[in-house]
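A closer look at the structure
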Amino acid sequence: MEKLSFPADFLWGTATASYQVEGAAYEDGRGECIWDVFSRKPGAVYAGENGNVACDQYHRYIEDAALMAELGFKSYRFSIAWPRIIPEGRSKVNPEGIAYYRRLCEELHKKGIHTCATLYHWDLPQPLEDEGGWTNRSVVEAFEEYVKVCYRELGDLVDMWITINEPVCVAYLGYLYGVHAPGHRDLDKALAAAHHVNMAHGTAVREYRKTGLKAPIGITWNPTTPRPATKKEEDKKAADLARAFHTEIFMFPCLGKGYPELVKASGAKVPVKDGDLELIAQPIEFIGVNFYSESPAAADESAVFKYTMKPFWNDTTGMGWPITPGGFERQLLWIAEISKGAFGKSEIPIYITENGCAYDDVVTADGRVHDKERIQYLQQHLAACAESIKKGVPLKGYYVWSLLDNFEWSFGYTKRFGIIHVDFKTLKRTLKDSAYFLRDTIAGFGEWA
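The model shown is predicted, which means the values in this text are computed figures rather than measured ones. (Residues numbered from 1 in each chain as written. Predicted model: local features only at pLDDT ≥ 70, side-chain atom pairs only at ≥ 80, totals over all residues. Heavy atoms only, no water.)

**Description of the pattern of salt bridges**
Short version of the rule: Any carboxyl oxygen of Asp or Glu within 4 Å of a side-chain nitrogen of Lys or Arg constitutes a salt bridge here. Each helix is a run of H or I in the DSSP string that is no shorter than four residues. Each strand is a run of E no shorter than two, and both are numbered from the N terminus. Per-residue accessibility, obtained with a 1.4 Å probe over protein chains only, is compared with the maximum for each type, and a residue is labelled buried under 20%, exposed over 50%, and partly exposed between these values.
Going through the model one piece at a time under the given rule, you end up with 34 salt bridges. The partner of glutamate 233 in a salt bridge is lysine 236, and the shortest N-O contact between them spans 3.6 Å. With a gap of three residues between them, glutamate 233 and lysine 236 both fall in helix α10 (residues 233-254), about one helical turn apart. The exposure class assigned to glutamate 233 is exposed, which follows from its relative accessible area of 56%. A residue is classified by how much of its surface remains accessible, and lysine 236, at 34% relative accessible area, is partly exposed. Members of the salt-bridge network, linked through shared partners, are Asp361, Asp371, Arg374, Asp405, Arg416 and Lys432.

Here it is as structure tokens:
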């Protein structure tokens, strides 16, 4: 047995997203978001489920904060729902929405928990989508208006800011593959969305600098850095293409490197105007990384980006995703290397802002949830984190996904990622064995076999 060892100041946290956990979708002045509308589209979400109630954290945040404190977490990463703050996406501010997030932050601080707020985790106000959403350049101005309100009204209570969560999912799942809200399938729209999301990030950082607030601000990416399926040159290029179109197209402009050469050489229509790249490349204090799995890539001329993912041998999670802690370490080493020297800094701190897995968890006769597979997954990935730190990666913290079983987007409530089980009929919370494993790890007694 080897003890998992982390620096004394390593930040241990857990994460959620507003639409997935809050509920109260039509309470206290909240406007509709694209997921409210998308969930009503036949076949878009499993069984027509939605986030109307979700985990009801809007009403149960005190209970949830107490559970986090019981487990020893030092930070909670939550997202602010844009339609709670500005219901129509522009103009009129909703004071009840602001009051909720102030109550949440104050309660977390009472429990000694650091607040990490994500400004955008996919719940775009529907009126903005009616104008074209992220494909319309004007959405950047609306986002600027929204973030200014957040900084002004919540800046005294937020300890860490994240601008955008997983831009690749916003742009591609929503506008290219159509499996997430708003459900479009158009490459040009997806590339426009990618650029405008990058611009929104830059705008959010630029406006933050004007406030005088001192909390660190960064962005969360879920980088795709696949391994080539074979040693063939075409498969090596396929892996490079996957990284270029799913990772570098977002990461490189934000780090001041511009759009990647493979993207530009492909003829992809990224609608860049004068000054855009300078706007996007605002200096940040940290990089957030979400990691779940890595897959092998192979050349495929018929695919939209000329590559496809191939079968794998690894064990899988309940999502059917391969379990690849080695890929996690490879990714962290690559990100540390690629970000070195950006903004004139020798290195940029990295936080794991999501890592976790779904399994078919059940409460057994003893009233417990014995999720041994999740514990093994976490052990393996935390070991990769510890090894990465030994190899010089400036990894400063880890947020497990997720605090609670929740609304898993197009999968509805069929996939359970939480370290706390939620009975979606009664909303009862039950700590899983993985929660106790993380409690012990945070306390310095986590071990892995």
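**A few points about the sheet that holds strand β4 (residues 114-120)**
Our working rule: Strands pair, by our definition, only if DSSP identifies at least two bridges between them. Axis geometry follows a simple rule: fit a line to the C-alpha atoms, using only the stretch in contact for helices, then measure angles between N-to-C directions, giving values from 0 to 180 degrees. The contact criterion used is simple: two residues touch if any of their non-hydrogen atoms lie within 4.5 Å.
Strand order in the closed barrel made by the eight strands is β2-β3-β4-β5-β6-β8-β11-β12, with parallel pairing throughout. Adjacent strand axes in the sheet meet at a mean angle of 25 degrees, parallel and antiparallel pairs treated alike. In the sheet, strand β6 (residues 217-221) pairs with strand β8 (residues 286-291) via four bridges, with the strands oriented parallel. Its bridge partner being in β8, glycine 218 is matched across the sheet by phenylalanine 286. Of the strands in this sheet, β4, β5 (160-165) and β6 are in contact with helix α9 (residues 187-209), which crosses β5 at around 160 degrees.

**Quick notes on the side chain of threonine 441**
On the secondary structure map, threonine 441 appears in helix α15 (residues 433-442). Residues in contact with threonine 441, not counting those within four places in the same chain, are Leu4, Trp12, Leu382 and Gly446.

**Structural notes on the environment of threonine 353**
For the record, the criterion: We call two N or O atoms a polar contact when they sit within 3.5 Å, provided that within protein one can donate a hydrogen and the other can accept it, with sequence-adjacent residues counted only if both atoms are side-chain atoms.
The residue threonine 353 is located in strand β11 (residues 350-355) in this model. When the C-alpha atoms of threonine 353 and threonine 14 are compared, they prove to be 8.1 Å apart, with 339 residues separating the residues in sequence. Separated by 2.6 Å, the side chains of threonine 353 and asparagine 290 make a polar contact.

**A word on the packing of helix α13 (residues 325-339) against helix α14 (residues 372-390)**
Rules: By the definition adopted for this analysis, an angle is roughly parallel if under 35 degrees, roughly antiparallel if over 145, roughly perpendicular if from 65 to 115, and oblique otherwise. Helix crossings fall into two classes, left-handed where the near helix is turned counterclockwise from the far one by less than a right angle and right-handed where it is turned clockwise. Each residue is assigned to one of three groups, with Ala, Val, Leu, Ile, Met, Phe, Trp, Tyr, Cys and Pro labelled nonpolar, Asp, Glu, Lys and Arg labelled charged, and all others, Gly among them, labelled polar.
Direction vectors running N to C along α13 and α14 enclose 30 degrees, while the axes themselves pass 9 Å from each other. When the axis of α13 is compared with that of α14, the two are roughly parallel. Judged by the sense of rotation from one axis to the other, the crossing of α13 with α14 is right-handed. Mapping the contact onto sequence places Pro325, Phe328, Glu329 and Leu332 in α13 and Gln380, His381, Ala384, Cys385, Glu387 and Ser388 in α14. Looking at the contact of α13 with α14 residue by residue, the class counts come to five nonpolar, three polar and two charged.

**So, the environment of leucine 333**
Considering the arrangement of structural elements, one finds leucine 333 in helix α13. Note on leucine 333: relative accessible area 31%, which makes it partly exposed. Counting along the chain gives 60 residues from leucine 333 to valine 393, while the straight-line C-alpha distance between them is 6.3 Å. Other than its neighbours up to four places away in sequence, leucine 333 contacts Lys391 and Val393.

**A look at the layout of surface pockets**
We apply this condition: Points on a 1 Å grid, built from protein atoms alone, make a cavity when a 1.4 Å probe fits but cannot get out and make a pocket when they are open with protein on both sides within 12 Å along at least 5 of 7 lines; residues with an atom within 4 Å of a point are the lining residues. Grid points are joined across faces, edges and corners, and a volume is the space filled by probe spheres set on the points.
By volume, the largest pocket is sized at about 1,200 Å³. Elements with a minimum of two residues in the lining of the largest pocket: α8 (167-175), β8 and β10 (307-309). With four residues, α8 is the largest single contributor of residues to the lining of the largest pocket. Class assignment of the residues belonging to the lining of the largest pocket gives a composition of 21 nonpolar, 14 polar and five charged. Taken as a whole, the second largest pocket holds about 220 Å³ of empty space. Elements with a contribution of two residues or more to the lining of the second largest pocket: α9, α10 and α11 (261-265). Of the residues that constitute the lining of the second largest pocket, the class distribution is nine nonpolar, two polar and four charged.

**A word on the packing of α14 against α15**
At a closest axis distance of 8 Å, the pairing of α14 and α15 adopts a crossing angle of 30 degrees. Accordingly, the angle class assigned to the pair α14 and α15 is roughly parallel. Packed against α14, whose contacting residues are Lys372, Arg374, Ile375, Leu378, Gln379 and Leu382, the element α15 presents Asp433, Ser434, Phe437, Leu438 and Thr441 at the interface. Here the residues of the contact of α14 with α15 are counted per class, giving five nonpolar, three polar and three charged.

**So, a nonpolar patch on the surface**
The cut-off we apply is this: Here the term patch refers to residues with relative accessible area over 30% and no salt bridge, with like charges joined within 9 Å and nonpolar side chains (Val, Leu, Ile, Met, Phe, Trp, Tyr) within 5 Å. Each accessible area is a Shrake-Rupley estimate made with a 1.4 Å probe; only the visible protein chains count as cover when residues are assessed.
On the surface, Tyr177, Val179, Leu187 and Val304 cluster together to form a nonpolar patch covering roughly 280 Å² of accessible area. Mapped onto the fold, valine 179 is located in the loop between α8 and α9. Valine 179 gets classed as partly exposed once you look at its relative accessible area, which sits at 37%.

Worth remembering: the numbers are spatial, not functional.
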